[in-house]
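# Examining the three-dimensional arrangement
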Amino acid sequence: EARQSGDQVLFRFGFEMNGDWFSWGCQPENFIAAWRHVHCIFSNEGATILFWVWAPNAVPGPNTPENGMEKYWPGDQYVDVIGLDGYNFGDHHSQWHSWVSCRDVFTAALDKIQESGVPHPVLITEFGCADDEDADRRARWIEEAHDFLNSRSDVIGAIWFNLDKRREGEPNWRIDADEKSLATWRRTFAAP
């Protein structure tokens, strides 16, 4: 289907591989082998219209040197776009989370990518801020995220994770969780 679509496709295989919340997570050697294997299959089938998006979590879990995102790098020739996923889970999700800015979520990972010299564009492939009792606080987070991401010349775009995941034990990530957040989104990220 990828070969015949005629459209360019961003393909994010095995995302957040440096986290322990997916079955493929925290296995660098296996991940690299799987990535290269799948890449080879698509190439052999002529699906060269794909852009391969390698997308670790901005903050690894566990956050140890042995689990750094660089341990999962399959090689320059196997990646077209570097993605990063990251969230502000807020103060009430779990004992391991507290309110953090978008800058705090992404700066260390973006700086590490920039310092590596890898010549690929960077796309924030998932980001979001938990809903909060204080709608002004969330609206300010969105505005500050917009300003921060626009200040990074290495970031070509960002994709908001727009799902209500309260049924799965996560926050409501929807941009329209409150009117102030939606209005701020429209004024910043959605502005022409």
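Refer to the structure above for everything that follows.
First, a word on scope: everything that follows refers to the structure included in this document. (Residues numbered from 1 in each chain as written. Predicted model: local features only at pLDDT ≥ 70, side-chain atom pairs only at ≥ 80, totals over all residues. Heavy atoms only, no water.)

### Points about the overall build of the protein chain
Going by this rule: Elements are defined by DSSP. Helices are runs of H or I of four residues or more, strands are runs of E of two residues or more, and each kind is numbered from the N terminus. Radius of gyration means the value over C-alpha atoms here, while the globule rule gives 2.2 Å times the residue count to the 0.38 power. Relative accessibility thresholds used throughout: buried, under 20% of the residue-type maximum; exposed, over 50%; partly exposed, between the two (1.4 Å probe, protein chains only). Note on definitions: a residue-residue contact is assigned when non-hydrogen atoms from the two residues lie within 4.5 Å. Note on areas: Shrake-Rupley, 1.4 Å probe, and residue coverage restricted to the protein chains presented here. Asp and Glu are treated as the negative residues and Lys and Arg as the positive ones, with His and the ends of the chain left uncounted. A charge is said to be at NZ when it belongs to Lys, at CZ for Arg, at CG for Asp and at CD for Glu.
Scanning the protein chain for helices and strands turns up four helices and five strands. Overall, the protein chain shows an N-to-C arrangement of helices and strands of β-α-β-β-α-β-α-β-α. The C-alpha atoms of the protein chain give a radius of gyration of 17 Å, which matches the 16 Å a tight globule of 192 residues would have. Split into buried and exposed, the 192 residues of the protein chain put 44% on the buried side. Contacts spanning at least 24 positions in sequence make up 72% of the contacts within the protein chain whose residues lie at least 6 apart. For the protein chain, the exposed surface amounts to about 10400 Å²; the carbon and sulfur share of it is 50%. The positive charge centre, built from 17 side chains, and the negative charge centre, built from 31, are 2 Å apart in the protein chain.

### Some thoughts on the pairing of strand β5 (residues 155-160)
Two faces belong to every sheet, and in a regular strand the side chains alternate between them. Here is the rule we go by: Note on pairing: two strands pair once DSSP finds at least 2 bridges between them. By the criterion used throughout, a crossover qualifies as right-handed when its path from the first strand across the helix to the second strand runs clockwise, the strands pointing away from the viewer.
Where strand β4 (residues 122-129) lies against β5, four bridges are found, and the strand directions are parallel. Considered in β5, the bridge of isoleucine 124 is made with alanine 158. The β-α-β motif built from β4, the intervening helix α3 (residues 135-151) and the parallel element β5 has right-handed crossover chirality.

### A few points about the pairing of strand β3 (residues 81-88)
Most of β3 sits out of view: eight of its eight residues are buried. Burial along β3 is two-sided: Val81, Gly83, Asp85 and Tyr87 facing one way and Ile82, Leu84, Gly86 and Asn88 facing the other are all buried. In this sheet, β3 lies alongside strand β2 (residues 50-54) in parallel orientation, the contact comprising two bridges. When the sheet's bridge partners are listed, valine 53 is paired in β3 with valine 81. The sheet contact formed by β3 and β4 spans seven bridges and is parallel. Note that in β4 the partner of glycine 83 across the bridge is leucine 123. A crossover links β3 with its parallel partner β4, the connecting element being helix α2 (residues 102-116), and its sense is right-handed.

### Looking at the packing of α2 against α3
Test applied: Only the contacting stretch of a helix is used when fitting its axis, a line to C-alpha atoms as for every element, and angles between N-to-C directions run 0 to 180 degrees. Oblique is the label for any angle not under 35 degrees, not over 145, and not in the 65 to 115 range, which are roughly parallel, roughly antiparallel and roughly perpendicular in turn. Three classes are used: nonpolar for Ala, Val, Leu, Ile, Met, Phe, Trp, Tyr, Cys and Pro, charged for Asp, Glu, Lys and Arg, and polar for all others, with Gly counted as polar.
The interhelical angle for the contact between α2 and α3, taken along N-to-C directions, is 25°, at an axis separation of 9 Å. By the criterion of interaxial angle, the relationship of α2 to α3 is roughly parallel. Contacts between α2 and α3 pair Cys102, Arg103, Phe106, Thr107 and Leu110 from the former with Trp141, Ala145, Phe148 and Leu149 from the latter. The residue makeup of the contact of α2 with α3, split by class, is seven nonpolar, one polar and one charged.

### Structural notes on the nonpolar core
To keep it simple, the criterion reads: Buried Ala, Val, Leu, Ile, Met, Phe, Trp, Tyr and Cys residues form a nonpolar core when they are joined through side-chain atoms within 4.5 Å.
Grouped together as the largest cluster of nonpolar side chains are 38 residues, with contacts concentrated most on Trp54, Leu84, Phe106, Phe127, Trp141 and Trp160. At the level of elements, α1 (28-44), β2, β3, α2, β4, α3, β5 and α4 (179-187) are the ones that each hand at least two residues to this core. For this core, the leading source of residues is α2, giving six residues.

### Digging into the packing of aromatic side chains
Here the distance between the centres and the angle between the planes together describe a pair of aromatic rings. Stated precisely, the cut-off is as follows: Ring pairs shown here join Phe, Tyr and Trp side chains whose ring centres sit within 6.5 Å, with only the six-membered ring taken for Trp; geometry is labelled stacked below 30 degrees between planes, edge-to-face above 60, and tilted in between.
Within this structure, the stated rule accounts for 22 aromatic pairs. Between phenylalanine 31 and tryptophan 35 the ring centres are 5.8 Å apart and the planes differ by 50°, which places this aromatic pair in the tilted class. Here tryptophan 35 and phenylalanine 31 lie together in helix α1, a separation of four residues that amounts to about one turn. Centre to centre, the rings of tryptophan 160 and tryptophan 185 are 5.4 Å apart; their planes meet at 65°, and the pair counts as edge-to-face. With tryptophan 160 in strand β5 and tryptophan 185 in helix α4, this residue pair connects regions lying 25 residues apart in the sequence.

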